[in-house]
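Residue-level structure breakdown
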Amino acid sequence: MQGQHERDRLPLERAVARGELRSDVYLDCAVEQLVGPIYYRVLVAGGPVPPEFTDQVVDGFLDRSAWEG
């Protein structure tokens, strides 16, 4: 699982390096906030993951990360 976590974390690390995410974002928590709802939807609820769902998850994360800290 550690390998997958590191792969999921990489785009966020790149976003921080580009200045698209704040440098003080706790990346391990961010990965879990972004990926967790997708895993839940697939593994627990058995539902699909349409682009609208992932867009809303990401938008919610970005809205929170803009004002936290």
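Residues numbered from 1 in each chain as written. Predicted model: local features only at pLDDT ≥ 70, side-chain atom pairs only at ≥ 80, totals over all residues. Heavy atoms only, no water.

This paragraph deals with helix H2 (residues 27-44). The end-to-end C-alpha separation of H2 is 24 Å, in line with the 26 Å expected for 18 residues at 1.5 Å each. Looking only at H2, the buried set comprises Leu-27, Ala-30, Val-31, Leu-34 and Val-35. Looking one or two residues beyond H2, the residue adopting positive phi is Gly-46, at roughly 70 degrees. (Helix = DSSP H or I, 4+ residues; strand = E, 2+ residues; numbered from the N terminus. Expected span 1.5 Å × (residues − 1). Buried < 20%, exposed > 50% of the residue type's maximum accessible area, 1.4 Å probe, protein only.)

Quick look at the nonpolar core now. Core analysis: the biggest nonpolar cluster contains 11 residues, these being Leu-12, Ala-15, Leu-21, Val-25, Leu-27, Ala-30, Val-31, Leu-34, Val-35, Val-57 and Phe-61. When contributions to this core are tallied by element, the ones reaching two or more residues are helix H1 (2-17), H2 and helix H3 (51-67). Looking at this core element by element, the count peaks at five residues for H2. Beyond its immediate sequence surroundings of up to four residues, Val-57 is in contact with Gln-33, Leu-34 and Pro-37. (Core = buried A, V, L, I, M, F, W, Y, C linked by side-chain atoms within 4.5 Å. Contact = heavy atoms within 4.5 Å.)

Since the α-helix turns once every 3.6 residues, residues separated by three or four places project in the same direction. Here H1 spans 22 Å end to end across 16 residues, near enough to the 22 Å set by a 1.5 Å rise per residue. Along H1, the largest kink reaches about 30 degrees and is centred on Leu-10; proline Pro-11 follows within four residues of it. Of all the positions in H1, only His-5, Arg-9, Leu-12 and Ala-15 are classed as buried. Where H1 ends, the next residue or the one after it, Gly-19, has phi of about 80 degrees, a positive value. (Bend = angle between axes of the 7 residues up to and from the residue.)

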